[in-house]
Amino acid sequence: MLGELFTPVETPEAPNRGFFKGLFGGGAQSLDREELFGELAAGKASRSLAQHIPGPGGIEGMKGAASGVVGDLARARIALDERGQKLGELDERTAAMMASADAFSKHAHDMMLKCKDKKWYQF
């Protein structure tokens, strides 16, 4: 009836080298450019790095694109001006509404003072 507290297992072999130990405390290692980047990237430019992308012809295409951008900027400027006008109108309407609310509050207070001593049958 005696049981074992644990089952014996063989100890695994120690890890070679941890990631952080290699990154922070492993000492200096000499790395070869060829080993890191391979033959193609070791000083030779990639053939697909710069390619001609066909598009609308030369300067005329650039002028057309620039005029499109200028038009977009003009439309954005007009929209910004319209927004400013609408915000100004909203500010004016808000000020008018505040003045109206103050006038209503004053009239309601005057009415309350006038009628505070009257009974319900005196109205």
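Rules of the game
- Residues numbered from 1 in each chain as written.
- Predicted model: local features only at pLDDT ≥ 70, side-chain atom pairs only at ≥ 80, totals over all residues.
- Heavy atoms only, no water.
- Helix = DSSP H or I, 4+ residues; strand = E, 2+ residues; numbered from the N terminus.
- Buried < 20%, exposed > 50% of the residue type's maximum accessible area, 1.4 Å probe, protein only.
- Areas by Shrake-Rupley, 256 points an atom, 1.4 Å probe, with all protein chains shown as cover.
- Salt bridge = Lys/Arg side-chain N within 4 Å of Asp/Glu carboxyl O.
- pLDDT = per-residue confidence, 0-100.

(A) Here's a closer look at the overall build of the protein. Of regular secondary structure, the protein possesses three helices and zero strands. Along the chain direction, N to C, the helices and strands of the protein fall in the order α-α-α. Buried residues in the protein amount to 1% of all 123 residues. With an accessible surface of roughly 12,500 Å², the protein has 61% of that area assigned to carbon and sulfur atoms.

(B) Region of the structure containing the pattern of salt bridges. This model, assessed by the stated rule, comprises two salt bridges. For arginine 75, the salt bridge is made with aspartate 72, and the minimal N-O distance between the two is 2.2 Å. Highlighted residues: arginine 75 and aspartate 72, both in helix H3 (residues 58–115), separated by three residues, approximately one helical turn. For arginine 75, a relative accessible area of 54% puts it in the exposed group. A residue is classified by how much of its surface remains accessible, and aspartate 72, at 42% relative accessible area, is partly exposed. For lysine 106, the salt bridge goes to aspartate 110, with nearest N and O atoms at 3.8 Å. Of this pair, lysine 106 and aspartate 110 are both found in helix H3, four residues apart, which corresponds to roughly one turn of the helix. Residue lysine 106 is classed as exposed on the basis of its relative accessible area, which comes to 53%.

(C) Seen up close, the confidence of the model for the protein. Per-residue confidence for the protein averages 77 on the pLDDT scale, and 59% of its residues sit at or above 70. Confidence, read as mean pLDDT per element, is least for helix H2 (residues 33–41) in the protein (61) and greatest for H3 (90).

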